Each structure stands twice: as structure tokens, then as C-alpha cells.
Amino acid sequence: MIPSSFDYHAPATLAEAVALLGKYPEDAKVLSGGQSLLPLLKLRLGQAGHLIDIGKIPGLEYIKEEGGMLRIGGRTRESALERSEIVQKRYPILVDTAKVIADPIVRNLATVGGNLAHGDPGNDHPATMLALGAQVVAMGKSGERVIPIDKFFLGLFRTALQPDEILTEIRIPAPVEGSGGAYVKLERKVGDYATAASAAYVVIGTQGFVERAGIGLTNLGPTPIKATAAEKYLIGKKPETAALAEAARIAAQATEPSADRRGAVEYKREMARVLTGRALKKAVERAGGK
Amino acid sequence: MPKTSAEVQGMGHSMKRKEDPRFLRGKGNYVDDVQLPGMLHMDIVRSPFAHAKIKSIKTEAALKVPGVLAVITGETLAKYNLHWMPTLMSDTQMVLPVEKVMYQSQEVAAVIATDRYAAADGVEAVEVEYDPLPVVIDPWEAIKPGAPVLRTDKKGKEDNKIFHWEVGDRSGTDKAFKDAEVTVKQDIYLPRIHVASIETCGCVADFDKVNGKLTVYMTTQAPHAIRTVFALVAGHVGLSEEKIRIIAPDIGGGFGGKVPVYPGYVIAVAASVVIGKPVKWVEDRMENLQADSFARDYHMTAELAAKKDGTITALRIKTLADHGYADAAANPSKFPAGLFSVCTGSYDVKKAFAEVDGVYTNKPPGGIAYRCSFRVTEAAHAIERITDVLAQELKMDPADLRMKNFIKKEQFPYKAALGWEYDSGDYHAALKKAMDKIGYAELRKEQAEKRARGELMGIGICSFTEIVGAGPSKHFDILGIKMFDSAEIRVHPTGKAIARFGTKSQGQGHETTYAQIVAEELGIPAAHVQVEEGDTDTAPYGLGTYASRSTPVAGAAGALAARKIREKAKKIAAHLLEASEEDLVWETGKFSVKGAPGRSKTIQEIAFAAYTNHPQGMEAGLEAISYYDPPNLTFPFGSYICVVDIDRGTGMVKIRRFVAVDDCGNIINPMIVDGQIHGGLTMGMAPALLEEITYDESGNIQGGSFMDYLVPTSMETPSWELDKTTTPSPHHPFGAKGVGESATVGAPPAIANAVVDALSHLGVKHIDIPITPEKVWKILKEKGVAE
Amino acid sequence: MATHRIQITVNGEAKEGQVESRLLLVHFLRENLRLTGTHIGCDTSHCGACTVLLDGQPVKSCTFLAVQADGHQITTVEGLEQNGKLHPVQEGFWEKHGLQCGFCTPGMMLTSCALLNRNRNPSEAEIREAISGNLCRCTGYVNIVKAVQYAAEKLQKEEAHA
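Heads up: these notes are all about the structure in this document. Worth saying up front: this structure is predicted, and the values here are computed from it rather than measured. (Residues numbered from 1 in each chain as written. Chains lettered and ligands numbered in written order. Predicted model: local features only at pLDDT ≥ 70, side-chain atom pairs only at ≥ 80, totals over all residues. Heavy atoms only, no water.)

Examining the environment of Gln7(C)
Residue and element names in this part refer to chain C.
And then number 1: Examined against the element boundaries, Gln-7 turns out to sit in strand 1 (residues 3-10).
And then number 2: Those residues within four positions of Gln-7 in sequence are excluded, and the remaining contacts are Ala-14, Lys-15, Glu-16, Ala-69, Asp-70, Gly-71 and His-72.
And then number 3: A polar contact is formed between the side chain of Gln-7 and the side chain of Glu-16, at a distance of 3.4 Å. (Helix = DSSP H or I, 4+ residues; strand = E, 2+ residues; numbered from the N terminus. Contact = heavy atoms within 4.5 Å. Polar contact = N/O pair within 3.5 Å; in protein donor to acceptor, adjacent residues only side chain to side chain.)

So, in C-alpha cells, the structure goes:
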């Protein structure tokens, strides 16, 4: 499997990269980890005249807490996220997510920014970021802008990024007292896209009631899904079995899966329910609730 | 206990593999590693349609791509009458089409270029116009009257039937069913799967115009047979057999997928002959999965008749076999359904009848093995599944039912109802060992407790009998060539040896195990026995490695060739020791004079004498060749027990434990045998839970890449627990049986039986493999027990 | 068609090449440098036969451009043996029969090396997880796990001595 010809560019700065994207608005693609893009080019399912490799630009790989936010550089490798001490300690939902993306070798190149910017509903980070209420930082010719994650996914392989914009950072609100999150994925085998997967995040107040809830769903519609109705339902409830089950049921109603070899529509919708129930349970446990 | 010393490393030693040093250093030599001066690359244009007329093929744009030298089409080959070729089953298949394509991904044209990038660009630039034709995908539709006839190339062909084959006593069996106290019947489908060796198929064809010699480096499990096939197919264009050299270099897994002749090989050869330069063709993974021969695709209906006490009285199986558009199976000629008639399995079944109908559909041609002896997996799955169905019907423990019906140790050699003579076995001992090892009684107790709590756990048994080592030449041939195999051993003056075989390892470790056979027989340390295979210019003719035949046939040839050498060595020893031959005794590695232990000559001394001091009147040298024609097949067996837990929410099946007790007779290298079983179990688990190739109504392949063809990783694969019993084959020179495929045959029914067992209290009797989470979940939902 | 001058340190040696943008690293290694120990087993980054170490981390060289490797360190299977001595991982694969056809072996060993570099004492679960991006069709993984355990022990012993 051989890709069609393209020109490769390795800008040394973000500004150069943005300028190159501006120069080839029709057929330039950002090459980050390349683990989705290169297979598409090899299979000749996609084409690009120009690949703009952001791999040589310094300062795009970092994981740090700053200003009440976890800041993840756009080119941060999945394996770095998975092994980051601060992530392991304070953001177990991100470890859950990173650990089930593709396989461990792919994760050494695959990037968090790429996983989001590709706009693939089958990717795993979108659901988690939706549950966490993350923000995405994009750099374009007119500078930097911050996009709330729930405004980011517009359609199948379509995001709010402009053709000349590069995703440079992901920001996640730092965990507060009583918060917890989890990502649960059903896959046929390692390396597979999710049959269904669910990310859940809860904040439980001192009185034991849910103050904030986030639920994101993977591969259950043309875009990653934020299960808003289920989130709303949970607010003010005690995170007990019946309430979590009802939230999971409502979340499943938000899905629009299509049938494929992973399963029929009915199965996937049910898996959305089952997995959301499990993710919520785990999130509540991690939040210190019962 | 091995008979030989740690220095000699004969049979029974877990000798470290002799081939490993090169693989460990990245110095293996696989086909794609072959690089010849001036070598060109070939890439193939493939059909997007499952059935279509070819209206035109335009090559102009492709020929303009820099680096592209030629585009070969069916028309090009038709000039030489090379556009069709025979299959191993005496059917025909296209090399390149002239009129129409018969399956999606079929070869349509080939682009020859200076490098593989240019070739790929060339493929994209070839323009083909198609006129789609009605597609026949479902074999049940294919056999209906009025179905579109696919093989319009066959004059007078009015349907899609390929063959009808039957064996056994039809009326006697029917009567047994009529008289039976209990009968059970089950439809069982074994889906289309693909061996997916990690190395795909390919070749480098190198035609030397000056000498008229064709050398083909090729991923083949049967180089000698391939040479003859090439000579037969291309004889009319001047390729004669002495001018053809097939070299099978290191092979990255075969499992049956590298037995057939694929069109790509033939096109590469034609291209090299026409252009006069070496041409490399290596298929990619999608081509491998989408176009190379598949395995299985058997739609079976199995029935058992029994007494109320569980005694099985008769077996009846009817099968529809989907072969795709050509019967390109790789069975012995007289066996269109392979050795499916071993379907009475491990049981003393008095009456049996089996029939198989082969049918054409718009799918890739095939019907090869997937790491099993010709259709034995299908047979084992049928009998082992239907046996469990019977146990359920009779409310008997499946272990008890098996114990009751096993052929008894003292019945061997046992004449089975469908004609085979089983060489040896002790089925009760193997199952008992497996039950003890896994703690069967405790597991049943645990299962009862879990059921009471609503948890789903299952225990599945499979007690299979294989039939390997084809085969006695009276019955077994491929295209008329008898299925013997061969070994040639030459002992050098310094007592070291080279041994060449007609087989070809694809990872089985022949360089080690064959050396150990020679070491066992001659006492020459295995370290000093160089084993070679795969080069038809140097190795003796043999039928190759598949269907677990290397040890039973070529291994036997190795032992017999060594014994011939020993006979000659004895004469030389007698001469050296000035004793009569009758007074000499052989212990490993030396002849001694009876009663005078000090007077002896080692094999090394004898070898030296064979070249320096051989008796008058005797030819010099110490070498022998053996073409071994086995008197019977060997019948390895085993009992496997699998424990599964089922996730009530997702339907996901998890194998908690899997105990495999195997019996392959005497063992050459225990470490290698264990490795073969580990691998076989994994390739048994794969189709049981994961792998399947399907087609949509238009004939589009589903599962044609590793995205959807789910080869198990280390995470899906359980940690296998092995044990063994040893029942030597009475007819094999050193009591061995084949082993490479036992586990692939035995594992799927054990897993399927375990899953069905977990759900049996809900009235579930059968689930077709692969048992996907969705399939299980649907059952859970229907039965009202889904989470 | 643009080409690029690249310099890659392969197994400790500086290697140069003039490459087309689209040239995959695996082809650069196999065809330009004739290091054929790195294999190709699929088109979709699933099999891991092409695994090499990029600055010490296992990556699939069929899903990485040669030009991307410019200025980086690559280790292939040919670079594992040092001064005529097999790497403990190579030794483990030999001792424990961790290979059969040998086709996945180079990638499998490089992944194992990287694992042991960051975790000297991995559990069976950690080993299985680490090698789950490398498909093996022959061994059923059981002996590969044992091979890695063998190498881990050996490395620990060597370090205890040193």
C-alpha cells in the first residue's frame, strides 16, 4: 500500500505552519502523529497535495496544570498522556481513554490533538473531552482562539477548525473535591474502534448530590455525542443505582448509531446504555461516592 | 526420557531451534527480502465488482506513469493460452480475465514498473470499464433451479454444482435413525475464514533468457509440486521441468494458504519471461485477505441417533460447501471434501453416512485448509457440537456421554464406520486427565452456584480425533502425484551430515526436528546435521508441508534413510572391527562387538572410513535416500476443556481457563510441540470468537483488511494450559503422529460448547461461530437475562 | 515531485538519503539501506511486523515517512546484537521458543526491548498489554511472554552484578 505523491513540509514554527496551510487551502493536511492520516493516504481513500508536518515545531508536547486547568499540548503523544504522573494521579479518566486507543505502538506516535482534530466519531478522546467540558485552542493566521469542546464537532470528519488552523492545546478543568470520571469502551479486540464507548464525569457535592455531570459517547452517531439530557437528569440526584441506570437509559436515547460489523443499531444503542451505566458507576466511585 | 545424550540431542530433547539465530538477528530471507539486479515490481489491478463483464481495459494513462514499463491483461496472456490455469482439484480458474470477473478483488490486469511506488501509481491509472452482472453470493440460492449460471466458460454447464460426494451406508444409517430411541439434529455453519499468515504471498520470478532457465523464489509450502504444475501449465510455451527451479525461502507462516498457485505468481512468471528481467510480486494484506484462498464455508446439518442411555447408534451429515467461483481447494484428488469422513470422531459409531455438495458462488476460489488437515476441523466441529446437543437432549453430562461412547483403547486399530482405520488411541485417559487438571467436578459445582445467582459461566469439552499424514499412495495423490515424501542424507567424512527433505517449514522448526531425527537414528549430534528444504534443484521430490504431514511422512523418510545409512555403516564397522555383522550391536552413535564392549567404532569413525578405508567391492560414501509411502495415516487426538464467563451486559465471552491434553504419539522436541499447540489453540480460538469473512448482497467483501478481519492479539488470547498423554503410532517408524494442527481442530468446538453450556439452562442448543458479543447479547436479550 | 535530503542515525550509524516525500520509513530501511529484518505484514498499522524504535520508542515504520525520521535515531532488529552478543531479549526468544516463522519476531523483540527499558520487572499482564500492537500468528503469545520474562530476569541479574 503506497500513498499517491504529495509534497512534504516541515515548518519550524507555528506561524510558518499556519502560513503554509494558508498557501495551500485546498489540499494541505496537518501531519501530527499521522496514525489516522497516513493509513488513509496509503489506502488512497484520502488525498493531499501537501503534508504540513508539525513534528519539528518545538513546544507542542507538554502536560501541565496551570491556572486551574490541565493543559495538554496538541502534539502530546497518547503514550505520554497514559504514563504522565499527574494524569495518573488526578485524571484517571484520561488514562482510561488513552489506554484503549488503537494499540500501544500506535500510541507512541498518535497525538491527543490529532485524535480530536480528525473529527472521527470513532475516536476515543472526543467523548472524554465532552464529558470533562474541555476547551480546544486553535492557532490560525489571525492568532489564537479558544473553542469550547461542545462547539467543536460539527459533522462526520468535520470540526470547527478552519483549514488554516492548527489545534495547539487542550484545556481541561482541574478536578474539584468530589469529582470523578471514567471511560468504558467495548471493542472487539485491541486496536479496534469502539463498538460503543462512554465517558462519564460527575461532581458530587458535600451533601451527596450530583452537582455536575458530563457524559460523552463514542462511535454512536455521525459525531461524538454529548448526552445533555442525561447530564441534566443527574443534577441534584443522589448518585444511586436507580438514578445512574435512568441516566444511562436517557443517554442511550441520544445515540444515532449505524449498523456495521461491530453490531446492529439496537445492539449499539443498548451498549450505550450498559457502558454509560458502568462509566457512571466507576466515576461515582472515583468521586468518593458509594 | 530421551535415549540420546545432551550432546547428541536426539528425540525427546527440547533442543533450542537451529534456525533461530538468523531470525533473531533479522537475517531471515523471506521472499520480499530477495533483491536481484534489474528487478522490476508488479502490482495488480483488481475488480471492484463481484460479477461483471469487462467492456474495456485502457492502459495508455498507466503506461505514461514514470517508471511503468508494461501492463499485462488477459488478452496478453491469451496469446500464449495462459489466461486460464488448472486448480489442484482439476477445476479451472482465471489467471487474468478476458471476458468477465467472477469475484470482488479478482485480478484484472498487472502493472510492471521499475519500483513498487511506480507500480502502485500505474495500477491507479489503469481504466477498466465493467458491465455488472447478477451476483450469486448465497450458496443456497446458487443451487436453486433458475439461478444464474456462473461458469459460462464451461460448455453445457447448466447449474452451479461442482460435485456431489458421499460416503457410508445410507440405507443402514437411515434405518438406524428410524429405529432410534432418541435423535437430534442441528444446522452448523463454519464460516469462511482466512489463514492470514503475517507474511503475505509473493514471488520473484527470474527468467534467464540465455539459459532458458526460470527460477522462482516463492512463498510455497509445496515447491516440488509447484514446479511440476508450472511445467504442466506452461509446457506449451517452452518451459520444461528441468529448466524450472522453485526456491521456497524462509516463509512467514503458511497454514495452508501457501499451497495453491495464485494468479499473481503466474503473471509474474509470464512477465519475467516476456520482459527478460526478474519480476517481484508481493501482495498486500488486503489482497491477501480478499483474493487468496479461503478456508471452511461449510453449511452442515448434523444428526445423531442414540439409545436413551446415551449410546450413539448412528451419525448422518449433509453439507453444502461454498467453493467460490472455482474449486481451488488443495485436497488429495480423490477427496473433494477432504478427510471430512473422519466425522465419526472419537466415538464408536456403528452406522454413518456423510454427503457433501460443492457449489459455485461469486466469491474467491478456494476451500483450502486453515491450519488443519483437509476439512478435519469441519468434521470435528460437527461431531463435537452435535454430541453436546445430544447430551443436552438426554440431560447427561457431556463428559459422561463422551466416556460412554469413546472407542476403547483395546479396540485399536479401529475400523471406523466411514472407512478409516484409526491407528491408536486412548481417549478415556486423555479426557480424564483434562478433567482432573481443570477440576471438572468443582467447576460444575461453581457453575450451579453461579446460575443460582444469575451469573453465566460455561464449561465446554471437545474430544477430537485428527487424521493427518497423507498419505498412503493407494488413495492419496495430488494431480496424480502420489503423496509420499522424501529425505536424502549424506554423511560427510568427518561425521557431520546434510539432510534434505521434500517438505518445507513455514515456522514448524524442521531444521531442528529433522536434525533430531537423524541424531536419534545415527548418533550424529543434531548440531552437526544441516537440514535443507525448499530448493527443487537440490532437495529430493516431495509433496510438501501441509495437513500435518511433515513428521508422519518426511520425518519417517528421514528415519528410514538414516536406517539405510546405518545398514551400510554396519558393514563398514564389521570391516573395521574385523567382526561379522551379526556380532555387532548398535547403541546410539556406535557399533560394538557383542560381549567386547571395548571393541567399537563410532559413526564418525565409520563415516571417515566410508571415504578413506571402505571395504573392497563396496561403493564409497555414506548416504541414502528414502521415499516414504506411509501404510496409513496417523490419528492424533486430545481432550480440551474450556471455561468461559459471559458478560451479561455486553455479551462478551471471556475464556477463563483452557486445558489442552494432546496425544501425538512419540515426541521429537517437546518444546516445539508445545509451541505448535499454543499456536494451534490460538488459531482455533480466533474463528471461534473473532474471525470471519462475509459478503454483502452485491458481493462486497466484509472483513477484507485487518481493520475487520480480527486476528487475535496477546490480549484476547488466554494463557493456555497444556498436558499430554503418549500413545505411539504403531505403524510410524518412530511412533510419532502429526501435531501442528490438532489444536486448531480441537479448540473451536471446546469454546463453542462452553458458551452454549453457559446458556443451556435457558434452552440454548447451538450458536454458530464466530461467537461475537452481539450474537450472545441477542440471545441474552431474547431470553430476558441481559443486564 | 519534491525530494528531501535526510540524515538518520540507524543502529548507531549515520545514514543519508535523498527521498521522495511519500517514501515510507519501512521502505527506506528495507530497500535503500537493505536492512530487511524489518518486515511488512499489513496496510493498516495493525500487525506491527514493521516495528522499529524511534528514539527508543517502538513505532510502526509503515505508518511513518522516511523524511519524518530526519535527524532521529532508529533502531532495527539488526541493531540489537552488540559486540557479537545477543541482547537478552533475543536470548529469551531463543531460549523460550518465542518465535516460529520469525516474521513478527523483529517487531516483537523491539517492542519488548522498549518495555523492559521502562519497566525492568513487568507482570504477565503488562507484557501482554505492551505487545498487543504486534500480531503473531504462530506462537499463541505464551512463549513470547516467557521470553520477555526471561530477558527481564537476565537484565536484572546483569544489573545486580554491575
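Observations concerning the interface of chain B and chain C
And then number 1: Taken together, the 57 residues of chain B in the interface contact 46 residues of chain C.
And then number 2: Of the roughly 4,500 Å² buried between chain B and chain C, counting both surfaces, carbon and sulfur atoms make up 55%.
And then number 3: Taken together, the links from chain B to chain C amount to seven salt bridges.
And then number 4: Counting residues per element, the side of chain B that touches chain C draws most heavily on helix 17 (residues 670-689) of chain B, at nine residues.
And then number 5: Grouping the constituent residues of the side of chain B that touches chain C by class yields 24 nonpolar, 19 polar and 14 charged. (Buried area = accessible area lost by both parts, 1.4 Å probe. Salt bridge = Lys/Arg side-chain N within 4 Å of Asp/Glu carboxyl O. Nonpolar A, V, L, I, M, F, W, Y, C, P; charged D, E, K, R; others polar.)

Brief notes about the nonpolar core
Across soluble globular proteins, nonpolar side chains show a tendency to be buried alongside one another.
And then number 1: In this structure, Phe230(B), Phe340(B), Trp420(B), Tyr422(B), Phe658(B), Leu681(B) and Leu759(B) are the most contacted members of the largest nonpolar core, which totals 166 residues.
And then number 2: Among the elements that line this core, the one with the most residues is helix 18 (residues 742-759) of chain B, at 11 residues.
And then number 3: Among residues more than four places away in sequence, those in contact with Phe658(B) are Tyr640(B), Ile641(B), Cys642(B), Leu681(B), Trp720(B), Glu721(B), Ala747(B), Ala750(B) and Ile751(B).
And then number 4: Ranked by size, the runner-up nonpolar core spans 54 residues in total, among them Tyr709(B), Ala49(C), Val77(C) and Cys101(C). (Core = buried A, V, L, I, M, F, W, Y, C linked by side-chain atoms within 4.5 Å. Buried < 20%, exposed > 50% of the residue type's maximum accessible area, 1.4 Å probe, protein only.)

Digging into the sheet that holds strand 20 (residues 456-465) of chain B
Strand-to-strand pairing in sheets goes through backbone hydrogen bonds, with the strands running parallel or antiparallel.
All names here are of chain B.
And then number 1: Pairing in this open sheet of four strands is mixed, and the strands run 20-30-31-34 from one edge to the other. The sheet is open, and its two edges are formed by strand 20 and strand 34 (721-724), each paired on a single side. If you compare each strand with its neighbour and ignore which way they point, the axes differ by 15° on average.
And then number 2: Lying over the sheet, helix 18 contacts strand 20, strand 30 (637-646) and strand 31 (653-663), oriented at roughly 150° with respect to strand 20. (Pairing = 2+ DSSP bridges. Axes fitted to C-alpha atoms, helices over the stretch in contact; angles between N-to-C directions.)

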